[in-house]
Structures are given as C-alpha cells and as structure tokens.
Amino acid sequence: MKSPISSLVAVVLATGVAAAGDLGDNAFFQALEGTWRGEGSLTNAEGETQDLKNEIEAGFADDGGTFTIEGSLLIGDSDESESLDYRWLFTEHSLEGLYLGRFIDLTNDQEREFEVSINEAARSAKLTETSGSSAGNRIELTKQFEGENYVVDIAFIDSSGNKTLEGHLEFEPVAP
C-alpha cells in the first residue's frame, strides 16, 4: 500500500475546479480539457524535496453533467518512487455557486470529497475538502492558468497551523 501522502499529493496536483453554472459552459473546464503533463517538487518541513511528475487526461463525460480527470502521479525519481493512479469526478453541488469534486485514489482505494469554486475572470481556483481529512489537517492550494499552461501551488497544513508540505507544479498541454 502506498503512503497516505501520495494520495493527498495526487488530490492537489490534479484537481480541476469549476464555478457556478453549467459544467459545459465553464471556461475553466473548457481550458482544462485535454491531455496535460506536469513537473514540479514537494518539500517537507525538514527541507527534503521530492520530484513530482503528473500526467492527466481531462474531459466532459458523455452526459455533459460530469467533468472527469484520469491521472497518474509519480513521486520521486528513483527506484523508491511511488506511483499513484486516480480519478476526479466533478458535478454540480447542491449549494449554489459551488461544485462537488470527488477524488478517487485507485491505487489505495480511497475517496475524498471537495467543494470547488473558481474565479473565471482571474482564472484561479480554490478547493476545500469536505471529507477524508483527519485530525484538523487541511490542504490549501491555488491554481491558475498562465497562458496555455497552468500552475498549482500547494500547502499541507496540520491541525496546529504548521505547513508540513509545500509544492509547486507546472503543467503544459500535450499536443494531440
């Protein structure tokens, strides 16, 4: 079984988020549609760094009411690297102005739910976990498009407010 942190990293790095309204009309989802490759790093509180590589395939489900991301994350670049396969499902939320993001860790058979929102004008996103966190720990992240690429900055924060992990990942679209 992979470490719980690899599951959390995948949650943050691959998250696409939405704003209020129809999924198919959301400019953020439309921009995220396709294949993406990302590289970056994750640094713990002791200053130890691990390389990250992530590839995702994102698009609308046939019914148009769900946006799906399938991904594979590699943590580290050695024989001790961890691989994690996952899926995101985004649908409308019962609360107006939000969407529901369900993260499914296919490697460790775990699920987490998130409320997701986006500022389309700023092309930035916010994600709030609503289930799956433990003992007051939380994930904070910012996502924004920069030209055709998008950037994710991550902070894992413990119940005392201390950052236990920070990361940065830059994704580029993969040509068809």
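Residues numbered from 1 in each chain as written. Predicted model: local features only at pLDDT ≥ 70, side-chain atom pairs only at ≥ 80, totals over all residues. Heavy atoms only, no water.

Along its length, the protein chain carries two helices and ten strands. Secondary structure elements of the protein chain, listed N to C terminal, follow the sequence α-α-β-β-β-β-β-β-β-β-β-β. Out of the 176 residues belonging to the protein chain, those deemed buried represent 39%. Once local pairs closer than 6 in sequence are excluded, the contacts in the protein chain between residues at least 24 apart make up 43%. (Helix = DSSP H or I, 4+ residues; strand = E, 2+ residues; numbered from the N terminus. Buried < 20%, exposed > 50% of the residue type's maximum accessible area, 1.4 Å probe, protein only. Contact = heavy atoms within 4.5 Å.)

This part takes up the sheet that holds strand β7 (residues 124–131). The antiparallel closed barrel is built from ten strands, whose spatial order is β1-β2-β3-β4-β5-β6-β7-β8-β9-β10. Within this sheet the neighbouring strands show an average axis-to-axis angle of 25 degrees, counted without direction. Relative to strand β6 (residues 110–119), strand β5 (residues 99–105) runs antiparallel, the two being bridged by seven bridges. The residue of β6 that forms the bridge with Gly101 is Phe114. (Pairing = 2+ DSSP bridges. Axes fitted to C-alpha atoms, helices over the stretch in contact; angles between N-to-C directions.)

Attention now moves to a negative patch on the surface. Residues Glu39, Asp51, Asp77, Glu146, Asp153, Glu170 and Glu172 make up a contiguous surface patch of negative charge. For Asp77, a relative accessible area of 60% translates into the label exposed. (Patch = residues over 30% accessible without salt bridge, like charges linked within 9 Å, V, L, I, M, F, W, Y side chains within 5 Å. Areas by Shrake-Rupley, 256 points an atom, 1.4 Å probe, with all protein chains shown as cover. Salt bridge = Lys/Arg side-chain N within 4 Å of Asp/Glu carboxyl O. Lys, Arg positive; Asp, Glu negative; His and termini not counted. Charge placed at Lys NZ, Arg CZ, Asp CG, Glu CD.)

We now examine unusual backbone geometry. Even without a glycine there, the phi angle at Asp109 is positive, about 55 degrees. Its place among the elements puts Asp109 in the loop between β5 and β6.

Of all hydrophobic cores here, the largest spans 34 residues; its most connected members are Leu32, Trp36, Phe67, Ile69, Trp88, Phe90 and Tyr150. Ignoring sequence-local partners within four residues, the contact set of Phe67 consists of Leu23, Phe29, Leu32, Glu33, Ala58, Gly59, Phe60, Trp88, Leu89 and Phe90. (Core = buried A, V, L, I, M, F, W, Y, C linked by side-chain atoms within 4.5 Å.)

What follows deals with the pairing of strand β8 (residues 138–146). Side-chain alternation along β8 places Ile139, Leu141, Lys143 and Phe145 on a buried face and Arg138, Glu140, Thr142, Gln144 and Glu146 on a face that remains uncovered. Direction of pairing for β7 relative to β8: antiparallel, over a ladder of two bridges. Within β8, the residue paired with Ser124 across the bridge is Gln144. By the bridge criterion, nine bridges tie β8 to strand β9 (residues 149–157) in an arrangement that is antiparallel. Bridge pairing links Glu146 to Asn149 in β9. Counting the residues that bridge the hairpin from β8 to β9 gives two residues, and of these Gly147 lies at a positive phi of roughly 65 degrees.

This model, assessed by the stated rule, comprises 13 aromatic pairs. Ring geometry for Trp88 against Phe90: centres 5.0 Å apart, planes inclined by 10 degrees, an arrangement best described as stacked. For the residue pair Trp88 and Phe90, the accessibility class agrees, reading buried in each case. A ring pair is formed by Tyr150 and Phe171, whose centres lie 4.5 Å apart and whose planes are at 5 degrees; its orientation type is stacked. (Phe/Tyr/Trp six-rings, centres within 6.5 Å; stacked < 30°, edge-to-face > 60°.)

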